[in-house]
Amino acid sequence: MPDLTVPPTPPTPPVPLAALLAREDLGLRQIAGPSDPDIAIHWAHTSEMPDPYPYLLGGELLLTAGVHIPDAAGSGTYFDDYVARIVEAGGVALGFGVAPVHDTVPRALVAACDHYDLPLLEVPPPTPFSRVARAVWQLMAQARLAELRRVTEAQQSLAAAASRPDPLPSVLRQLAQRVGGRAVLYGPDGTEIAGAGRGAGAVGATGAGRGAGAVGATGAVAGGRTGSTGTGTEAGRGAGASGAEVREALAELVRVVRPPAAPASTPTSPTASPTFPVSTPTPTSTDSTPPTRPAPTSATDTVSGIHLAAYALGTGQGFVLGVAAPQRAPGDHTIASVAAVLLSLLTGEHQSRTGADRSSALVRLLLGSPPEDVASLVGGDRWLVVHALPDAGPAPDPVATSALGAALGSALIDLAPEVVRVLVPGDREPAPQPGWTLGVSAPVAPEDWSAADKQAARALARARATRTPLVVHGASGRAGLADLLPHDAAEEHARTLLAPLAAHPALVETLRTWLSLHGSWDRTAVALAVHRNTVRQRIARCAALLETDLDDPDVRMELWFGLRQL
């Protein structure tokens, strides 16, 4: 089954250093290091330790007032060692607070930051470090809010696209528009089924197609989301890569997602495939079965500045989503994951052979084909009809009804206002379901579906009247008096016996229910959903039309025998 869990929200985006310098209320000034607009800060940290390395995680703007600087630091290697440790720990910028310890930023510190390409910011005396840290968090919150809004709008547009008459191309168009690139859906054989968006350059159009197509050919995953049983992978390539390098990068991506399996009859060797070489694992035991690992649920790569991603749709059918974009924003991963989930639903049951067969069966029935001619399309030659009503609530909702069908092992469900009907393969044995009252017919051939529907209705009425979770029609399985007579003769006798009631179906059903419940007025009223006085009036009417005494056990037995034949 596909993993249809809600995709993760995008991570909190970092803050561009330029955005922090643009805050006039802070008064920060860069006095050393590169002025690269791509420099981003993940958080701010204050430390007066002479060696801050053990206290940094990477991505910090380190703030210091220089309390740790010794008097003779300018004549030695102190500042070089200090800045080198910050860069080694992954710090992205250094903020030096002027006053109260130092009136100016030490020149040796400026030179060291220029030497190690570490941006150095001068923090003026009126600006406390806490205000700088708060500004960083405010900018991060604003960026995250904007990214969440973008992801939410994308989710809404993708959901709306999935409900259109042409859902597959609509979802792909929306995805391509949201990531600013190209989105392609590939079939199980690796061929392109549908695509949308610009190619993100020649490499993007070619690369995404080759990469996702190859993944699809091996049945691997497409997408940027890491599932619970797999891992994502990402490799970088420099701009200007040749076509051969792009193809090799995509081949590597396919190998990481799912290594090709060797035939069971021959051992795997490093030369088993000239296109996708696979190394032979070293056996650790006498077991000849090669070790296996779960395939990643996603894989990404960057080739010639084009970001590629492959997502395997969770239908188990081998469909793959490929995405190529010139840039990768924090929310793109989530947006592509949402599209993958929707495409999984769209390429699932409706695209499978089972779904197509059910659709064909419905069309043939509507066009007049007899049930026995279409039953083979939905599987099985014996069937059960189940009638169900919820124990609480006026009417079942679609979600609860789908859960009931899944529990009974069938997707052939009719959600009618008065009762839920489920067509179940005859080899299954329905069990009581919590929160439901069930009536089950005897196993029948397709041509007897109509009779089984009536059996299930009667069984449900008896189950409700007796407050039994499940009643199966003819569950005793013992031979009765009817088995001693030819069916035609028994049916003719029943029609003659009950002829006075033939024009009154409500009286026949009331008499049948009343006799099955041993003449109980209250239970019959519950089963038929009428007042007990209505039951009394109908039974009295039956006695008058039949000109017999319904209190006589022999009469009741003969009438019950006749009703069982109809």
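The following paragraphs examine the structure supplied in this document. Just so it is clear, the structure is predicted and the values come from calculations on it, not from any experiment. (Residues numbered from 1 in each chain as written. Predicted model: local features only at pLDDT ≥ 70, side-chain atom pairs only at ≥ 80, totals over all residues. Heavy atoms only, no water.)

### Let's talk about the pattern of salt bridges
Consideration 1: Summed over all chains, the structure comprises 11 salt bridges.
Consideration 2: In this structure, Arg150 engages Asp332 in a salt bridge whose closest nitrogen and oxygen atoms are separated by 2.3 Å. Of this pair, Arg150 sits in helix α4 (residues 129-162) while Asp332 sits in helix α8 (residues 332-346), placing them 182 residues apart in sequence.
Consideration 3: The partly exposed category is assigned to Arg150, whose relative accessible area is 23%.
Consideration 4: One network of salt bridges, in which partners are shared, links Asp51, Arg85 and Glu88. (Salt bridge = Lys/Arg side-chain N within 4 Å of Asp/Glu carboxyl O. Helix = DSSP H or I, 4+ residues; strand = E, 2+ residues; numbered from the N terminus. Buried < 20%, exposed > 50% of the residue type's maximum accessible area, 1.4 Å probe, protein only.)

### Some thoughts on a nonpolar patch on the surface
Consideration 1: A contiguous nonpolar patch, built from Leu362, Val363, Leu366 and Leu367 and spanning about 450 Å² of accessible area, is present on the exposed surface.
Consideration 2: Checked against the element boundaries, Val363 lands in helix α9 (residues 353-366). (Patch = residues over 30% accessible without salt bridge, like charges linked within 9 Å, V, L, I, M, F, W, Y side chains within 5 Å. Areas by Shrake-Rupley, 256 points an atom, 1.4 Å probe, with all protein chains shown as cover.)

### Describing the sheet that holds strand β7 (residues 120-123)
Consideration 1: The mixed open sheet is built from 5 strands, whose spatial order is β2-β7-β6-β5-β4. Both edges of this open sheet fall to β2 (29-32) and β4 (43-46), since each of them pairs with a single strand only. Going from strand to strand, the sheet's axes swing by 30° on average, the running direction of each strand aside.
Consideration 2: Against the sheet, α4 engages β4, β5 (60-64), β6 (93-97) and β7, with an angle of about 165° to β4. (Pairing = 2+ DSSP bridges. Axes fitted to C-alpha atoms, helices over the stretch in contact; angles between N-to-C directions. Contact = heavy atoms within 4.5 Å.)

### Observations regarding the environment of Ala161
Consideration 1: Mapped onto the elements of the fold, Ala161 is located in helix α4.
Consideration 2: Judged by relative accessible area, Ala161 falls into the buried class, the value being 0%.
Consideration 3: Residues Ala161 and Leu175, spaced 14 residues apart in sequence, show a C-alpha to C-alpha distance of 9.8 Å.

### Focus: the packing of helix α12 (residues 449-466) against helix α15 (residues 521-528)
Consideration 1: Interhelical geometry of α12 versus α15 gives an angle of 130° and a closest axis separation of 8 Å. Compared by their axis directions, α12 and α15 come out oblique. Both α12 and α15 take part in a crossing whose hand is right-handed. Touching Ala461, Arg464, Ala465 and Thr466 of α12 are Arg523, Val526 and Ala527, all from α15.
Consideration 2: Counted by class, the contact of α12 with α15 contains 4 nonpolar, 1 polar and 2 charged residues. (Parallel < 35°, antiparallel > 145°, perpendicular 65-115°, else oblique. Left-handed = near helix turned anticlockwise from the far one by under 90°. Nonpolar A, V, L, I, M, F, W, Y, C, P; charged D, E, K, R; others polar.)

### Observations concerning the environment of Ile335
Consideration 1: Along the chain, the position of Ile335 falls in helix α8.
Consideration 2: Along the chain, Ile335 and Val179 lie 156 residues apart, while their C-alpha atoms are 8.1 Å from each other.
Consideration 3: Once residues lying within four places of it in the same chain are set aside, the contact partners of Ile335 are Arg150, Val151, Ala154, Leu158, Leu175 and Arg178.

### Some words on the sheet that holds strand β15 (residues 413-415)
Consideration 1: The sheet built from 5 strands is open, its strands ordered β15-β16-β14-β17-β18 with mixed pairing. Edge positions in the sheet fall to β15 and β18 (470-472), since each of these pairs with one other strand and no more. Across this sheet, the average inter-strand angle for adjacent strands is 15°, counted without regard to direction.
Consideration 2: Sheet topology places strand β14 (residues 383-390) next to strand β17 (residues 436-440); 5 bridges connect them, and they run antiparallel. By the bridge assignment for β17, Leu389 is matched with Thr437.
Consideration 3: Here α12 sits on the sheet in contact with β14, β16 (420-425), β17 and β18, set at roughly 35° to β14.

### Details of unusual backbone geometry
Consideration 1: In the segment running from Ala99 into Pro100, the intervening peptide bond is cis, with an omega of 5°.
Consideration 2: Within the element layout of this structure, Pro100 appears in the loop between β6 and α3 (107-115).
Consideration 3: With a phi close to 55°, Asp117 is a non-glycine residue in the positive phi region.
Consideration 4: Note on placement: Asp117 falls in the loop between α3 and β7.
Consideration 5: Its identity is not glycine, yet Glu547 carries a phi of approximately 55°, on the positive side.
Consideration 6: With respect to the element layout, Glu547 can be found in the loop between α16 (532-546) and α17 (553-564).
Consideration 7: For Glu547, a relative accessible area of 74% puts it in the exposed group.

### What about the packing of aromatic side chains?
Any pair of aromatic rings gets described here by the distance separating the centres and the angle formed by the planes.
Consideration 1: Overall, the coordinates contain 4 aromatic pairs when judged by the stated rule.
Consideration 2: Consider the rings of Trp383 and Trp449, whose centres lie 6.0 Å apart with planes at 85°: the pair is edge-to-face. Of the two residues, Trp383 sits in strand β14 while Trp449 sits in helix α12, which places them 66 residues apart along the sequence.
Consideration 3: Classification of Trp449 as buried rests on a relative accessible area of 15%.
Consideration 4: Judged by centre distance (5.4 Å) and plane angle (35°), the ring pair of Trp514 and Trp521 falls under tilted.
Consideration 5: A relative accessible area of 2% means that Trp514 is categorised as buried.
Consideration 6: Residue Trp521 is classed as partly exposed on the basis of its relative accessible area, which comes to 24%.
Consideration 7: Put simply, the rings of Tyr78, Phe79 and Tyr82 pair up and form one aromatic cluster. (Phe/Tyr/Trp six-rings, centres within 6.5 Å; stacked < 30°, edge-to-face > 60°.)

### Details of the nonpolar core
Consideration 1: Counting residues in hydrophobic clusters, the biggest one holds 29 residues, and the most contacted among them are Leu158, Val171, Leu172, Leu175, Leu321 and Leu343.
Consideration 2: Where this core is concerned, the elements lending two or more residues are α4, α5 (167-179), β8 (182-186), β9 (192-197), β12 (306-312), β13 (320-325) and α8.
Consideration 3: The element best represented in this core is α8, accounting for 8 residues. (Core = buried A, V, L, I, M, F, W, Y, C linked by side-chain atoms within 4.5 Å.)

### Brief notes about the packing of α5 against α8
Consideration 1: Close contact between α5 and α8 brings their axes to 10 Å; oriented N to C, the two are set at 175°. On the basis of their axis angle, the class for α5 and α8 is roughly antiparallel. The residues of α8 that touch α5, namely those facing Pro167, Leu168, Val171, Leu172, Leu175, Arg178 and Val179, are Asp332, Ile335, Ala336, Ala339, Leu343 and Leu346.
Consideration 2: For the contact of α5 with α8, the per-class residue count stands at 11 nonpolar, no polar and 2 charged.

### Describing α8
Each α-helix winds once per 3.6 residues, and so residues spaced three or four apart point in a common direction.
Consideration 1: With 15 residues, α8 extends 21 Å between its outermost C-alpha atoms, agreeing within 8% with the 21 Å of an ideal straight helix rising 1.5 Å per residue.
Consideration 2: With 13 of 15 residues buried, α8 lies mostly within the body of the structure. (Expected span 1.5 Å × (residues − 1).)

### Observations concerning the pairing of β13
Consideration 1: The buried fraction of β13 is high, at 6 of 6 residues.
Consideration 2: Where β8 and β13 come together, 5 bridges link them in antiparallel fashion. Bridge assignment links Tyr186 to a residue of β13, and that residue is Val320.
Consideration 3: As paired strands, β12 and β13 are joined by 6 bridges and run antiparallel to one another. What sits directly across from His307, in β13, is Ala325.

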